[in-house]
Amino acid sequence: MARTALTREEVLETAAALVKQDGPAALTMRKLAAELGTAVTSIYWHVGNRESLLDALVERTVADLSAITPRGRTPAARIVSVARALRRDLRERPHLVAMVHERGLTERMFLPTQRALAHEVHAAGLRGARAAEVVRAVQFQVVGYVLVERNRERAPVQSPAEEELWEAETTDPDDPALARALASPIDTERLFTASVRALVDGLLGPGGEGGGTPD
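Residues numbered from 1 in each chain as written. Predicted model: local features only at pLDDT ≥ 70, side-chain atom pairs only at ≥ 80, totals over all residues. Heavy atoms only, no water.

1. Overview of the packing of aromatic side chains
Here is the rule we go by: Between rings of Phe, Tyr and Trp, where Trp is taken as its six-membered ring, a pair exists when centres lie within 6.5 Å; planes separated by under 30 degrees are stacked, by over 60 edge-to-face, and by other angles tilted. Under the DSSP-based scheme used, a helix requires at least four consecutive residues in state H or I and a strand at least two consecutive residues in state E, with every element numbered from the N terminus. Type-normalised accessible area, obtained with a 1.4 Å probe on protein chains alone, sets the label of each residue: buried when under 20%, exposed when over 50%, and partly exposed for intermediate values. The rule is short: NZ of Lys or CZ of Arg within 6 Å of the ring centre and within 35 degrees of the ring normal puts a charge over the ring.
This structure, assessed with the given rule, holds 1 aromatic pair. Aromatic side chains Tyr145 and Phe192 sit 5.0 Å apart centroid to centroid with 65° between the ring planes, which places their arrangement in the edge-to-face category. In this pair, Tyr145 sits in helix α8 (residues 128-154) while Phe192 sits in helix α11 (residues 188-204), placing the two residues 47 residues apart along the sequence. The class for Phe192 is buried, based on a relative accessible area of 0%. Its guanidinium or amino end placed over the ring of Phe192, Arg87 lies 5.3 Å from that ring's centre, counting from NZ or CZ.

This is the structure:
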């Protein structure tokens, strides 16, 4: 028997989960109704047709990415925390972010993050064009890093892999420690954090409270 107690938020939550898993092309009203244990007509009543549903998912994604709270004891640490949170959010919902981009709302999606970064850059003592440069550099670093990660994950299996290529160099007397490190799996989270910290410290400069670790 079809269920009767259904909310719009439940519909959107389930639809978002389906898109996260299989992409928007796999989202049909029949599949969504089956997941919810209800009739297709009930879905239409709550969210309209499929295009209206996709529009609602886009708006929901934009709202979700505005809920980043900076953490840390210094402006530099808080900027790094914003970058880490943005990377995590983008990686968790690639299909939904792609839908936002296709609808021309990418800049609107990033605006809350830019505002959070601008607040911290001001706290570090920067203003004007220099402050804007920091905001954009951090944003570009995050987006570029996520794109590289996604490309590596979707690339064909490499043979030989990077690790295998460097294993033969571990006996190189010039820098065996470097070769051993490059022969090890990549800790993408650690690498991302290190690269953002270095970027932020360099851009804020001596007077910008660089350094520090986000809580």
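And the narrative resumes.
2. Focus on the pattern of salt bridges
Spelled out, the test is: Salt bridges are counted wherever a side-chain nitrogen of Lys or Arg sits within 4 Å of a carboxyl oxygen of Asp or Glu.
What the rule picks out here adds up to 16 salt bridges. Residue Glu59 pairs with Arg108 through a salt bridge whose shortest N-O separation is 2.7 Å. Of this pair, Glu59 sits in helix α4 (residues 50-64) while Arg108 is found in helix α7 (residues 106-123), placing the two residues 49 residues apart along the sequence. By relative accessible area, which is 37% here, Glu59 ends up partly exposed. Of the residues examined, Arg108 reaches a relative accessible area of 42% and is grouped as partly exposed. With its nearest N and O atoms 3.7 Å apart, the salt bridge here joins Asp89 to Arg93. Accessibility classification places Asp89 together with Arg93 in one group, the buried group. Where salt bridges share partners, they join Arg84, Arg87, Arg91, Glu149, Glu153 and Glu189 into one cluster.

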